[in-house]
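# A structural walkthrough
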Amino acid sequence: CTEAIEARGTVKVMRSVDHGAHWDSPIALSNDQSNHTRAVLGVDGELYVTWFDELSSRILGRVSRDRGESFERVVSDGGVAQPLPSSNEGGAIEI
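Below is a short write-up of the structure. (Residues numbered from 1 in each chain as written. Predicted model: local features only at pLDDT ≥ 70, side-chain atom pairs only at ≥ 80, totals over all residues. Heavy atoms only, no water.)

### Points about the environment of arginine 15
Tracing the backbone through its elements, the reader meets arginine 15 in the loop between strand 2 (8-13) and strand 3 (27-28). Here arginine 15 falls in the buried class, since its relative accessible area comes to 16%. Taking the C-alpha atoms as reference points, arginine 15 and isoleucine 27, twelve residues apart in sequence, are found 8.8 Å from one another. In this structure, arginine 15 is in contact with His22, Trp23, Asp24, Asp66, Arg67, Gly68 and Glu69, ignoring residues within four places of it in sequence. A polar side-chain atom of arginine 15 sits 3.2 Å from the main-chain carbonyl oxygen of arginine 67. (Helix = DSSP H or I, 4+ residues; strand = E, 2+ residues; numbered from the N terminus. Buried < 20%, exposed > 50% of the residue type's maximum accessible area, 1.4 Å probe, protein only. Contact = heavy atoms within 4.5 Å. Polar contact = N/O pair within 3.5 Å; in protein donor to acceptor, adjacent residues only side chain to side chain.)

### Topic: unusual backbone geometry
The phi torsion at histidine 19 lies on the positive side, around 60 degrees, for a residue other than glycine. Looking at the secondary structure, you find histidine 19 in the loop between strand 2 and strand 3. Judged by relative accessible area, which is 85%, histidine 19 ranks as exposed. If you check the backbone angles, arginine 67 has positive phi at about 65 degrees while not being a glycine. Along the chain, arginine 67 turns up in the loop between strand 6 (58-64) and strand 7 (75-76).

### Regarding the nonpolar core
Val11, Val13, Leu29, Leu47, Val49, Trp51, Leu60 and Phe71 form the largest nonpolar core, which has eight residues in total. Taken together, the elements giving at least two residues each to this core come down to strand 2 and strand 5 (47-53). A total of three residues in this core trace back to one element, the largest contributor, which is strand 5. For valine 13, the contacting residues outside a window of four places in its chain are Ser25, Pro26, Ile27, Leu29, Leu47, Val49 and Phe71. (Core = buried A, V, L, I, M, F, W, Y, C linked by side-chain atoms within 4.5 Å.)

Next up, the structure:
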């Protein structure tokens with residue numbers, strides 16, 4: 001989940017190992033200037049989480065290899081990211 005106000009938000013992950021009956025406390029993965037969060041599962045069960053960092057103008061990410069119990073250090077795109085385009089009222093991306 002991401003808690004965001006305007007373009008400011010912290011990427012947080014909550015984990016459940018019993019199909020949602022119980023949830024662990026949220027783990028903060030980013031600073032409070034993050035936006036455009038995406039999460040995807042890898043073929044071996046790893047969880048990849050990426051976001052756009054508003055402070056550095058970079059795409060950052062972290063990976064968990066233990067079903068979301070812990071996450072490796074933050075990795076960067078190397079500074080080649082451009083700010084993501086904004087969407088219009090209908091939700092379509094304007095390029």
